[in-house]
Amino acid sequence: MIQNQLLSINILILIAMACVYTTSDIDAKSYTYKKVRASNPWARATSKLAKTGVVYITSIHNTGERAVKIIGFSTNIANKVQLHKTVTENNITKMQYIKSLKIGPGKSIHIKPGGLHIMLMGLKRPLKENNQFPLIIKFETLGNLETMVNVKNFSWRQKKPLKHKHMHH
Ligand SMILES: [Cu+2]
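Just so we're clear, the structure is a prediction, and the values are computed from it rather than from any experiment.

### Description of the overall build of the protein
Item 1. Looking only at helices and strands, the protein has one helix and 11 strands in total.
Item 2. Scanning the protein from its N terminus toward the C terminus, one meets helices and strands in the order α-β-β-β-β-β-β-β-β-β-β-β.
Item 3. Across the protein, the fraction of contacts at a sequence separation of at least 24, relative to all contacts at a separation of at least 6, is 71%.

Listed below in structure tokens is the structure:
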């Protein structure tokens with residue numbers, strides 16, 4: 001009886017350790033303000049002379065019952081920040097400026113490679129791997145969601161960053 005209990009406690013500890021390991025391993029942080037949650041803001045590392053940079057946010061989720069509207073971004077690392085969409089027309093790929101973006105109640109948007117991106121223009125310093133910088137997401141009426149962006153070394157040639165196997169329990 002006592003042995004059984006000890007055994008189950010051991011298993012619980014193992015499960016708890018596995019959870020801590022997997023969550024810290026992904027290094028994806030979430031930032032919440034009122035009814036909006038931004039998960040995993042990250043930027044691609046740039047060269048020393050780069051004047052532009054790109055930020056992605058894996059998801060921005062609206063947990064509320066009303067639509068919210070993103071009306072802009074701000075950061076202290078660049079002179080200007082804009083939301084862009086990559087569009088291909090007649091074999092020409094262009095970037096389109098998206099002035100505002102609505103997120104319906106219970107819905108999410110994804111700012112990820114190949115679709116939307118947040119463009120940093122007039123970079124004040126290069127984006128170095130493993131560094132962080134602040135990025136504010138401005139919402140109409142709601143206010144500002146403050147996040148920290150992780151700079152990652154991501155090249156288009158390499159496939160998706162390696163992911164460790166997820167533990168099921
Ligand atoms: Cu762009």
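### Details of the pairing of strand E4 (residues 68–74)
Item 1. Bridge count for E4 against strand E7 (residues 101–103) is three bridges, and the pairing is antiparallel. The residue bridging Ile70 from the neighbouring strand is Leu101, located in E7.

### Side note on the nonpolar core
Item 1. With 26 residues, the main nonpolar core has Val55, Ile137 and Val149 as its most contacted residues.
Item 2. Every element with two or more residues in this core is listed here: strand E2 (36–44), strand E3 (52–62), E4, strand E5 (78–89), strand E9 (116–123), strand E10 (132–139) and strand E11 (143–152).
Item 3. Look past the residues within four positions of Ile137 in its chain and what remains in contact with it is Ala38, Ile60, Ile70, Phe73, Leu145 and Thr147.

### Quick look at the confidence of the model for the protein
Fine structural detail should not be taken from predicted coordinates in areas where pLDDT scores are low.
Item 1. On average, the protein scores 84 in pLDDT, and the residues at 70 or more come to 75%.
Item 2. Below pLDDT 50 for its whole length, residues 15–25 participates in six contacts with residues either more than four positions away or in separate chains.
Item 3. Scored below 50 in pLDDT, residues 158–169 shows seven contacts in the model against residues more than four places distant or in partner chains.

### Quick word on unusual backbone geometry
Item 1. Positive phi values are uncommon outside glycine, yet Asn40 reaches one of about 55 degrees.
Item 2. Here Asn40 shows up in strand E2.
Item 3. Of the residues examined, Asn40 has 18 C-beta atoms within 10 Å and is grouped as partly exposed.
Item 4. Of note, Asn90 is a non-glycine position whose phi angle comes to about 50 degrees, a positive value.
Item 5. Note that Asn90 resides in the loop between E5 and strand E6 (92–98).

### Brief notes about the environment of Gly104
Item 1. Within the secondary structure, Gly104 is located in the loop between E7 and strand E8 (108–111).
Item 2. With 38 residues separating them in the primary sequence, Gly104 and Arg66 have C-alpha atoms 6.7 Å apart.
Item 3. Apart from the residues within four sequence positions on either side, Gly104 is in contact with Asn62 and Ala67.

Reading the values: the criteria
Residues numbered from 1 in each chain as written. Predicted model: local features only at pLDDT ≥ 70, side-chain atom pairs only at ≥ 80, totals over all residues. Helix = DSSP H or I, 4+ residues; strand = E, 2+ residues; numbered from the N terminus. Contact = placed C-beta atoms within 7 Å. Pairing = 2+ DSSP bridges. Core = buried A, V, L, I, M, F, W, Y, C linked by C-beta atoms within 7 Å. Buried ≥ 20, exposed ≤ 12 C-beta atoms within 10 Å, placed from the backbone. pLDDT = per-residue confidence, 0-100.

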